[in-house]
Amino acid sequence: MDLVTPAIGLVFWATICFGILLFILGKFAWKPILAAVDEREKSIESALSRAEAAKEEMARLTSENEDLLKQARAERDLILREAKQLKDHIISEAKETANVEGTRMIERARLEIDNQKALAMADVKNQVATLSINIAEKILRKQFEDQHKQDQLVADLLKEVKLK
Amino acid sequence: MNLKLFRISLICAFFLLASIFPKSGFSQENAPGGKEKKFDPTTVIMEHIGDSHFWPFTFPFVKEKLIPLPVILYTDKGLEIFSSGHLMDGATYQGSYHSYKLEENKIKVVDASGNIDTTVRALDFSITRNVISMMLTAALLLIVFLNVSAAYRKREGKAPKGLQSFMEPLVLFVRDDIALPNLGAKYPKYMSLLLTIFFFILINNLFGIIPFFPGSYNLTGNIAVTAMLAVVILFTVNLNANKHYWKHIFMPNPWWLFPIMIPVEIVSIFSKPIALMIRLFANITAGHIVILSLISLIFIFQSLAIAPVSIIFVVFMDMIELLVAFLQAYIFTLLSALFIGMAIEEHH
């Protein structure tokens, strides 16, 4: 039948047409198109994965920051506490030193006072002794101006000795 | 009220009218001197789905013209090239070597007395209606896809735009739904072939549905074209086949099946492309025949009253044909990919 008999001419031209199409489209259309699509797919994929990585990096950085912040806070607290301790320590030490020094000075002052006092007393005693001797001398001189009295005294003394 | 709706209905009306009026062959029925000839749907339909040496310029509301096409004959004495206009209306043309005449749309060599001379062999390589239409669609394909390709170069790495964004899903469809599942990792080697086959069939299917110039031909429903495509697939499959494929054919298991299996397998080598060839041919031709038959109803009944019925059915069929145009392009490409995939598949 005519319908199912391939005509040689049409087969020939169809082959040529198809061949040309296959060659030109294959070389100048399909290959660049598919390459471009592939390229774009790859770039989209890599962009997505990069975005994902960036997100992860971001999260990592945030948590790291938080850690750092926490650490810094802890360090600050530690430093403050240490400073406070140091301050307390210094103050108490100063107090103690002041106390000790004060006591020592007081002690020294007392010693000095005692010394001065003793000196003064010794001086006073000497003067009193000198004065007493002078007075006694004067009294004795007055007493023994007359003979009578001297005799009486000797008598008294003798009497006393006898009694003993 | 709604301009858009109005415009759409206007376009629909235009296409409806277009599908009734100037189907090639209908006009010639009332042509000779107003004498009513008996309408013969078989001739009309066969003329339409067959090939022709004239390019019918059919357009709504324009009287059909037959554009003569070049006739190229390879005779025993040499090449003969002349315009088919010389053969119009059964005229005999005296070429450089022989005389020629159109007999049932075929060029025959005639002797001096006008009788067909079967002793002289003349191979017909004419640019027929199908050939010129095919060249037109091939040119269209080249323009479209070279443009699209240029768009990819120009807008490198950017989102597709315009024609590019219209074609990209189709190209990706062929790649992701036809080539990749069937061919696996080796798919890039066959992409050119599959894409070319897909778009070649698709555009010719679609142009075949258009009822007026430059469409309204039946190229993918022509056995010569489907045979050519099938042969391409036959060669692609068998030239790329690996040793597992040939082992499967020539060394079936167990050995005592050799006498049965080897002939069966050899037949299967050819039956696959033949099935491809017949499927496309039959589907497209059948669609055209159904549409033309429905249109012919009006002329068979010779009544305008039947026209609305015909039109409704034709619109319905046109929708189905639109689906079939895509479907057959898809199926042909899919099965091609499947056959190639079976031949290059690695067994472990």
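Only a predicted model underlies this, so the values are computations on that prediction, with no experimental measurement involved.

**Some points on the interface of chain A and chain B**
Contacts between chain A and chain B engage 33 residues on the former and 48 residues on the latter. Across the chain A/chain B interface, buried area totals approximately 3,400 Å², and carbon plus sulfur atoms make up 81% of it. At the surface where chain A touches chain B, the tally comes to three salt bridges. We note a salt bridge from B:Arg175 to A:Glu41, for which the minimum N-O separation is 2.8 Å. Taken together, the residues of the side of chain A that touches chain B break down into 25 nonpolar, four polar and four charged.

**A few points about unusual backbone geometry**
If a residue is not glycine, its phi is most likely negative; likewise, a peptide bond is most likely trans. Residues and elements named next belong to chain B. Positive phi, close to 65°, is recorded for Phe61, a residue that is not glycine. Here Phe61 shows up in the loop between strand S1 (54–59) and strand S2 (62–68). What makes Phe61 exposed here is its relative accessible area of 61%. Of note in the backbone geometry, Gln302 takes a positive phi value of approximately 50° without being a glycine. Accessibility expressed as a relative area gives 58% for Gln302, which makes it exposed.

**Let's talk about the side chain of B:His53**
Residues and elements named next belong to chain B. For His53, the location among the structural elements is in the loop between helix H2 (41–49) and S1. For His53, a relative accessible area of 3% puts it in the buried group. Engagement of the side chain of His53 in a polar contact is seen with the side chain of Asp124, the distance being 3.2 Å. Once residues lying within four places of it in the same chain are set aside, the contact partners of His53 are Pro68, Leu69, Val71, Ser84, Leu102, Asn105, Ile107, Asp124, Ser126 and Thr128.

**Section: the confidence of the model for chain B**
Looking at chain B, pLDDT values average 84 and 90% of them are 70 or higher. Note on the complex model: pTM 0.74, ipTM 0.84.

**Digging into helix H4 (residues 163–183) of chain B**
Helix length check: H4(B), at 21 residues, gives a terminal C-alpha distance of 28 Å against a target of 30 Å (1.5 Å per residue), a fit within 8%. Here the buried face of H4(B) lies against helix H1 (8–143) of chain A together with helix H3 (129–154), helix H5 (188–209) and helix H9 (307–344) of chain B. Directly after H4(B), the chain includes B:Gly184, whose backbone phi takes a positive value near 70°.

**Focus on the packing of H5(B) against helix H6 (residues 223–240) of chain B**
Residues and elements named next belong to chain B. The geometry of H5 relative to H6 is characterised by a closest axis approach of 12 Å and an angle of 170° between their N-to-C directions. For the element pair H5 / H6, the angle class is roughly antiparallel. Relative to H6, the crossing made by H5 is left-handed. For the pair formed by H5 and H6, the contact residues are Lys189, Tyr190, Leu193, Ile197, Phe200 and Ile201 on the first element and Val225, Leu229, Val232, Ile233, Thr236 and Asn240 on the second. Of the residues that constitute the contact of H5 with H6, the class distribution is nine nonpolar, two polar and one charged.

**What about the packing of aromatic side chains?**
Tallied over the entire structure, the rule returns 16 aromatic pairs over all chains. Between B:Phe57 and B:Phe59, the aromatic rings sit 6.5 Å apart at their centres with planes inclined by 20°, giving stacked as the arrangement. Of the residues examined, B:Phe57 reaches a relative accessible area of 26% and is grouped as partly exposed. Members of the aromatic cluster, connected to one another through ring pairs, are A:Trp30, B:Phe145, B:Phe173, B:Phe198, B:Phe199 and B:Tyr330.

**Regarding the sheet that holds strand S3 (residues 70–75) of chain B**
All names here are of chain B. On the basis of which strands lie adjacent, the open sheet formed by three strands has the order S4-S3-S8 and antiparallel pairing. Here the strands that pair on one side only, and so sit at the sheet edges, are strand S4 (79–83) and strand S8 (122–124). The sheet shows a mean angle of 25° between the axes of neighbouring strands, taken without regard to direction. Bridging between S3 and S8 involves three bridges; their strand directions are antiparallel. The partner of Tyr74 across the bridge, within S8, is Leu123.

Conventions used here
Residues numbered from 1 in each chain as written. Chains lettered and ligands numbered in written order. Predicted model: local features only at pLDDT ≥ 70, side-chain atom pairs only at ≥ 80, totals over all residues. Heavy atoms only, no water. Contact = heavy atoms within 4.5 Å. Buried area = accessible area lost by both parts, 1.4 Å probe. Salt bridge = Lys/Arg side-chain N within 4 Å of Asp/Glu carboxyl O. Nonpolar A, V, L, I, M, F, W, Y, C, P; charged D, E, K, R; others polar. Helix = DSSP H or I, 4+ residues; strand = E, 2+ residues; numbered from the N terminus. Buried < 20%, exposed > 50% of the residue type's maximum accessible area, 1.4 Å probe, protein only. Polar contact = N/O pair within 3.5 Å; in protein donor to acceptor, adjacent residues only side chain to side chain. pLDDT = per-residue confidence, 0-100. Expected span 1.5 Å × (residues − 1). Axes fitted to C-alpha atoms, helices over the stretch in contact; angles between N-to-C directions. Parallel < 35°, antiparallel > 145°, perpendicular 65-115°, else oblique. Left-handed = near helix turned anticlockwise from the far one by under 90°. Phe/Tyr/Trp six-rings, centres within 6.5 Å; stacked < 30°, edge-to-face > 60°. Pairing = 2+ DSSP bridges.

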